[in-house]
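Structural characterization, general
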Amino acid sequence: WLFFTDADTEHRPEMLKRTVQMAEQKKADVLTLFTRQITKTWMEVLVIPVMAYTLLAFLPARWSLRKKSFFNRFAGVSGQFVFIKQKVYRAFGGHEVVKNEIVEDLNFGKQVVRRGYRLVYGDGSDFSFCRMYTNAKEVWQGFSKNFFPAVKFSPLFFVNAFLVLILDGVIPFIVLFFGTSCPLFWPAVSLAMVTLAVRAFQAMKYGFDKRSVLFHPVGCLLFTLIGFNSVRWFWFGGGHWKGRTLRPQ
């Protein structure tokens, strides 16, 4: 086995033992785990749980892990936690294959699945932790770097992501202010309750700040604005990340 993790990710001592057990039980060629995300500043609290919510609630994970599925283009691994059989890593070329990709972990997972290897998703939030960003500027720039590449620079996929964020996370909560006189009031109430229930469950399970649940619409709106900024960066230039200029596509 080979284990890849990010420099800002921390692990408890039992992590390796439990990871090996999980990989063997699930018969994984590659095991990638969702780590607990540490959020402290207001932008981290608002945006990072929305990112996790979108992936966990809307990514067609079961279909994306099939070799011949249309959705395998969305198969990915978490760069914070990749556990892979050494022979598999050598066989398809490992990180060498994705060295020119901006969001290399998503493309890494796609390469694994399309070559017929078994990629398994799991939960490592009780023994691995990561604080991705430390202030509002880092959150804005980091997700701007990743958003448009994550949807394959596709205007169609971007519009789909935009609609998910707006229709699920913003509009139902706006409709509530119009009261029962609005014909969409009760459907909006139902959708808002389901969304907040899922967010509350994720906050408890993965340790997100509970304030982020109540401000879910604000987080979705911010994430949408980050998405448009990402499109601007990659269509017109102006994007920078850790001293490097991001080239327009």
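Shown above is the structure to which this text applies.
So, here's what we can say about the structure. (Residues numbered from 1 in each chain as written. Predicted model: local features only at pLDDT ≥ 70, side-chain atom pairs only at ≥ 80, totals over all residues. Heavy atoms only, no water.)

Looking only at helices and strands, the chain has eleven helices and nine strands in total. Scaling as 2.2 N^0.38, a compact globule of 249 residues should have a C-alpha radius of gyration of about 18 Å, and the chain matches this with 19 Å. When the backbone C-alpha atoms are referred to their principal axes, the chain occupies close to 60 × 40 × 35 Å. Scored against the burial criterion, the 249 residues of the chain give a buried share of 46%. Considering only contacts in the chain between residues 6 or more positions apart, those separated by 24 or more positions represent 76%. Accessible surface computed for the chain: about 13,300 Å², of which carbon and sulfur atoms make up 61%. Placing the 32 positive and 16 negative side-chain charges of the chain at their respective mean positions leaves the two points 6 Å apart. (Helix = DSSP H or I, 4+ residues; strand = E, 2+ residues; numbered from the N terminus. Rg over C-alpha atoms; globule rule 2.2 N^0.38 Å. Buried < 20%, exposed > 50% of the residue type's maximum accessible area, 1.4 Å probe, protein only. Contact = heavy atoms within 4.5 Å. Areas by Shrake-Rupley, 256 points an atom, 1.4 Å probe, with all protein chains shown as cover. Lys, Arg positive; Asp, Glu negative; His and termini not counted. Charge placed at Lys NZ, Arg CZ, Asp CG, Glu CD.)

Here the focus is the side chain of Lys-110. On the secondary structure map, Lys-110 appears in helix α5 (residues 104–114). An unpaired buried charge is present at Lys-110: no salt bridge exists, and Glu-101, the closest side chain of opposite charge, is 6.1 Å distant. With residues near it in sequence (within four places) discarded, Lys-110 still touches Asn-72, Arg-73 and Ala-75. (Salt bridge = Lys/Arg side-chain N within 4 Å of Asp/Glu carboxyl O.)

Strand order in the open sheet formed by three strands is β2-β7-β4, with mixed pairing between adjacent strands. Bordering the open sheet on either side are β2 (9–11) and β4 (36–37), each of which pairs with just one other strand. Sheet topology note: the β2/strand β7 (residues 128–130) ladder contains three bridges and is antiparallel. Bridged to Thr-9 within β7 is Cys-130. (Pairing = 2+ DSSP bridges.)

Within the secondary structure layout, Arg-18 lies in helix α1 (residues 15–25). By relative accessible area, Arg-18 is classed as partly exposed at 32%. A sequence separation of 36 residues divides Arg-18 from Thr-54, and the C-alpha atoms of the two residues are 27 Å apart.

Turning our eyes to something else, we now look at the environment of Ser-212. With respect to the helices, strands and loops of the structure, Ser-212 is situated in helix α10 (residues 211–214). On the basis of relative accessible area, Ser-212 is assigned to the buried category, the value being 1%. Separated by 169 residues in sequence, Ser-212 and Met-43 have C-alpha atoms that sit 9.9 Å apart. Other than its neighbours up to four places away in sequence, Ser-212 contacts Val-45, Pro-49 and Arg-199. Only 2.8 Å separates the side chain of Ser-212 from the side chain of Arg-199, close enough to count as a polar contact. (Polar contact = N/O pair within 3.5 Å; in protein donor to acceptor, adjacent residues only side chain to side chain.)

Following the sequence through the fold, Thr-19 ends up in helix α1. Taking the relative accessible area as the measure of exposure, Thr-19 reaches 0% and is therefore buried. With sequence-adjacent residues up to four places away left out, Thr-19 is seen in contact with Leu-31, Leu-33, Phe-81, Phe-83 and Phe-127.

This part is about the packing of helix α2 (residues 42–58) against helix α6 (residues 136–150). Packing of α2 against α6 brings their axes to within 8 Å, and their N-to-C directions diverge by 30°. Compared by their axis directions, α2 and α6 come out roughly parallel. Taking contact as the criterion, the partners of Trp-42, Met-43, Glu-44, Val-47, Ile-48 and Met-51 in α2 are, on α6, Ala-136, Val-139, Trp-140 and Phe-143. Within the contact of α2 with α6, the residues separate by chemical class into nine nonpolar, no polar and one charged. (Axes fitted to C-alpha atoms, helices over the stretch in contact; angles between N-to-C directions. Parallel < 35°, antiparallel > 145°, perpendicular 65-115°, else oblique. Nonpolar A, V, L, I, M, F, W, Y, C, P; charged D, E, K, R; others polar.)

What follows covers the nonpolar core. If you look at the biggest cluster of nonpolar residues, it comprises 27 residues, and the most contacted ones within it are Val-47, Phe-143 and Phe-223. Secondary-structure elements contributing two or more residues to this core are α2, α6, α7 (155–169) and α11 (216–236). The biggest single contributor to this core is α11, with seven residues. For Phe-143, the contacting residues outside a window of four places in its chain are Val-47, Ile-48, Met-51, Met-132, Tyr-133, Phe-223 and Ile-226. Formed by 13 residues, the second largest nonpolar core is a distinct cluster that contains Val-30, Val-82, Tyr-89 and Phe-108. (Core = buried A, V, L, I, M, F, W, Y, C linked by side-chain atoms within 4.5 Å.)

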